[in-house]
Amino acid sequence: MKIAIAQLNPTIGDIFGNSNLILEAAKKAEVEGANLLLTPELSLIGYPPRDLLIDPSFIAAAGAQLQQLAQALPPKLAVIVGTAVPNANAVQLGGKSLFNSAVLLQNGAVKKVFHKRLLPTYDVFDEDRYFEPGENSNYFSIGEAKIGVTICEDLWNNEEFWGKRSYAGDPVSDLAKLGVDLVVNLSASPYCAGKRGVRSAMLQHSVIRCGIPIIYANQIGGNDDIIFDGSSFAVNRKSDLIQVLASFETDFAVLEYDAAKQDLVGSNQQNAAGIEAAPLSFYPAEGDAEIWAALVLGVRDYVRKCGFSKVVLGLSGGIDSALVATIASCAIGPENVLGVLMPSPYSSDHSVNDALELARNLGVAIELLPIGDLMKTYDRTLANLFVNTPFGIAEENIQSRIRGNLLMAISNKFGHLLLSTGNKSEMAVGYCTLYGDMNGGLAVISDVPKTRVYSLCRWLNYGSENIKNQAELGKEIIPVNIISKAPSAELKPGQIDQDSLPDYDVLDDILQRSIENHESAQQIIAAGHDEAVVKRVVKLVRQAEFKRRQAAPGLKISDRAFGTGWRMPIAKVSSY
Ligand SMILES: NC(=O)c1ccc[n+]([C@@H]2O[C@H](COP(=O)([O-])OP(=O)(O)OC[C@H]3O[C@@H](n4cnc5c(N)ncnc54)[C@H](O)[C@@H]3O)[C@@H](O)[C@H]2O)c1
Ligand SMILES: Nc1ncnc2c1ncn2[C@@H]1O[C@H](COP(=O)(O)O)[C@@H](O)[C@H]1O
Ligand SMILES: N[C@@H](CCC(=O)O)C(=O)O
Ligand SMILES: O=P(O)(O)OP(=O)(O)O
């Protein structure tokens, strides 16, 4: 039996377009002689559909499209499609009105419907809000093979792997007890750094625990703040990784289920000469390369799926805007990126020169809009009101707001999406100006700590193979001075970030411990950090909640981002 995996990039709500993606994959699977095609979780409607699910017309449209798709598919091929299915018992028996389901289509009709049993309701997930959990173990047969069907979270309640149990049920071991030969999984599993390794280790562990090979089919693509990496894979009965699909790209693969051996055989398990290949791993490798690919996909898909073709951003000659401009150039092409240089009387000469050099290296267009005259007009207008007050944060922020205003004017005039450039360290402690540099439609690096911003830029200059490199350019992409100079907001003469903040390696370690590892201030101090610094940082993070709530959606690359999975109250006591 041959099983195909379609690692698709569905667009949320584009039921017709997604249906066509599935149909195309099915035609390819048929040509390659597949018996079964797997598609990702909710592949017909896109994941996460959020409150589109409470629109009855949306559910009706998905139901109608599912029927049409069933009729259009190659009749002999069994295809598993993910969609939301009405819960017929909801009215009489209560419960949520929908199931998150995997629908088996064959011979022009719906053959079976399987419901997701474990509904994630943590971090970015909100499935309890919409779905009723399925109660039954899900399986069907093709020929002699009995195939267990699971949907994403159904695989994640592996108590021995995690050391804890989150739910009452364990669909994989239930399927094992029913004697299935194979488990397939339809996923929409969001990316965060290092997650590919965690997924494969967890499923290899599940195979050992339950003794059944597993095929894992994940979606790829950016949907608002969430990036899906794909990285679908298969694990055989010996728990070897025998098939790995691309990360951050659409992909398609066909595997063989060998009924005699009762095991899976991957198509990239052997090289052309039939010799056993080296152990498979995910590409690009973990670290900067992986995060870079995620951010590029996140920008590309946000721009495309929101209907933009060009972006604009402020280019200060600093490292954050340099990184964002480079990501955008790679995502949508340098010809679609406009960098705006807006020097003030406080800007250093090198800020303009560094920004110009970066723009030349990337090949992006620039506009130079000095803001000195606008600053004077603001000063004159506010002079009577601000008389006898010292120059302070209000005046500093006016510069940022002038720039934010000019950028939004350009966005309005030419239809460019404004990218904001704040990194995670700044967003954490509120080192950014509301209605100033926080202006923008997409916060590209707001989940990237400043120390990672540096390592990504070094990697771009010295480690990357797949973008324009030094050899072609004759030198580094990011001008060396942008990396080596002290970060500065340049909002007053001689200002540097470290006048107000601890060194970024100290700040980022405290933030990582507090935000991602949930360590208390006492634990962070016990780990060796200065007490006063820790208390100040923790307090700044709490106080900046109101800013983060007004920030543009930011691409999630960590376990805990300031996005849809971060739900903090704003008006609260200062101790939390
Ligand atoms: N703009 C930049 O480019 C940039 C870059 C780096 C650092 N910075 C730094 O960032 C800081 C920005 O200054 P800021 O934070 O005082 O200015 P801000 O205008 O961004 O935020 C302060 C304002 O937020 C409002 N506010 C306060 N608490 C609130 C709440 N709970 N709910 C709603 N609104 C609330 C108040 O109106 C207050 O005036 C400065 O220290 C600046 O040097 C700016
Ligand atoms: N001089 C500048 N020209 C264009 N854009 C600028 C300039 N200074 C700041 N910006 C924009 O604002 C953000 C934040 O600046 P910080 O240097 O971190 O304060 C920067 O990334 C630019 O997009
Ligand atoms: N824990 C799963 C949940 C995904 C889902 O069920 O959609 C993940 O992060 O991949
Ligand atoms: O935001 P930028 O680009 O100005 O970077 P930095 O804050 O390091 O100056």
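Residues numbered from 1 in each chain as written. Chains lettered and ligands numbered in written order. Predicted model: local features only at pLDDT ≥ 70, side-chain atom pairs only at ≥ 80, totals over all residues. Heavy atoms only, no water.

Once that is clear, we can look at the overall build of the protein chain. Each helix and strand in the protein chain was counted, giving 19 helices and 20 strands. Against the globule reference of 25 Å for 576 residues, the protein chain gives a C-alpha radius of gyration of 26 Å, in line with a compact fold. Dimensions of the protein chain, computed from the C-alpha atoms along their principal axes, are close to 85 × 55 × 50 Å. Looking at the protein chain as a whole, 55% of its 576 residues are labelled buried. Restricting the contact set of the protein chain to residue pairs at least 6 apart, pairs at least 24 apart contribute 74%. Entry remark: accessible area of the protein chain is about 24300 Å², with carbon and sulfur atoms responsible for 53%. Separation of charge centres in the protein chain, based on 52 positive and 64 negative side chains, amounts to 3 Å. (Helix = DSSP H or I, 4+ residues; strand = E, 2+ residues; numbered from the N terminus. Rg over C-alpha atoms; globule rule 2.2 N^0.38 Å. Buried < 20%, exposed > 50% of the residue type's maximum accessible area, 1.4 Å probe, protein only. Contact = heavy atoms within 4.5 Å. Areas by Shrake-Rupley, 256 points an atom, 1.4 Å probe, with all protein chains shown as cover. Lys, Arg positive; Asp, Glu negative; His and termini not counted. Charge placed at Lys NZ, Arg CZ, Asp CG, Glu CD.)

Attention now goes to the site of ligand 3. With respect to spatial proximity, 13 residues lie near ligand 3, and among them Lys116, Tyr122, Glu153, Ser189 and Lys195 are the closest. Note that an oxygen atom of ligand 3 is positioned 3.0 Å from one of the side-chain N or O atoms of glutamate 41. Within the side chain of glutamate 153, a nitrogen or oxygen atom sits 2.7 Å from a nitrogen atom of ligand 3. The residue makeup of the shell around ligand 3, split by class, is 7 nonpolar, 1 polar and 5 charged. (Near = heavy atom within 4 Å. Polar contact = N/O pair within 3.5 Å; in protein donor to acceptor, adjacent residues only side chain to side chain. Nonpolar A, V, L, I, M, F, W, Y, C, P; charged D, E, K, R; others polar.)

One open sheet holds the 7 strands; their spatial order is S5-S4-S3-S2-S1-S14-S15, and the pairing between them is mixed. Edge positions in the sheet fall to strand S5 (109-115) and strand S15 (263-265), since each has one partner strand and no second. Taking each pair of neighbouring strands and ignoring which way they run, the sheet shows an average axis angle of 35°. Inspection of the sheet shows strand S2 (residues 36-38) paired to strand S3 (residues 78-86) by 3 bridges, in the parallel sense. Opposite leucine 36, over in S3, you have alanine 78 as the bridge partner. Running at roughly 145° to S2, helix H1 (residues 15-31) makes contact with strand S1 (2-7), S2, S3 and strand S14 (251-258) of the sheet. Contacts between helix H2 (residues 56-72) and the sheet are confined to S3, strand S4 (98-106) and S5, with S3 contributing the most and set at about 160° to the helix. (Pairing = 2+ DSSP bridges. Axes fitted to C-alpha atoms, helices over the stretch in contact; angles between N-to-C directions.)

This brings us to the sheet that holds strand S6 (residues 139-142). Within the open sheet, the 6 strands sit side by side as S6-S7-S8-S9-S12-S13. Their pairing is mixed. With one partner strand each, in any of the chains shown, S6 and strand S13 (241-244) form the two edges of the open sheet. Put simply, the sheet's adjacent strands are angled 20° from each other on average, direction ignored. For strand S8 (residues 182-187) and strand S9 (residues 214-218), the ladder comprises 5 bridges, and the chain directions are parallel. Counted as the bridge partner of asparagine 185 is tyrosine 216 from S9.

Let us look at helix H16 (residues 504-516). Along its 13 residues, H16 runs 17 Å from first to last C-alpha, staying within 8% of the 18 Å computed at 1.5 Å per residue. Taken together, the buried positions of H16 are occupied by Tyr504, Leu507, Asp508, Ile510, Leu511, Ile515 and Glu516. Lining the buried residues of H16 we find helix H12 (424-429), helix H13 (450-462), helix H17 (521-526) and helix H18 (531-543). Directly after H16, the chain includes histidine 518, whose backbone phi takes a positive value near 60°. (Expected span 1.5 Å × (residues − 1).)

In terms of nonpolar packing, the biggest core is built from 52 residues, with Leu323, Ile327, Leu419 and Val444 touching the most fellow members. At the level of secondary structure, the elements contributing two or more residues to this core comprise helix H7 (288-305), strand S16 (311-314), helix H8 (319-332), strand S17 (337-341), helix H9 (349-362), strand S19 (417-420), H13 and helix H15 (480-484). Per element, the largest residue contribution to this core is 11 residues, and it comes from H7. Excluding residues within four positions of it along the chain, isoleucine 327 makes contact with Trp292, Leu295, Val296, Val299, Val444 and Ile445. (Core = buried A, V, L, I, M, F, W, Y, C linked by side-chain atoms within 4.5 Å.)

Moving on: the UniProt feature "domain: CN hydrolase" (unreviewed entry) in the protein chain. Within the UniProt annotation, "domain: CN hydrolase" (unreviewed entry) is assigned to residues 1-264. Across residues 1-264, helical content stands at 25% and strand content at 31%; the span's end C-alpha atoms are separated by 10 Å. (UniProt positions renumbered as here; feature names shortened; annotations may be inferred.)

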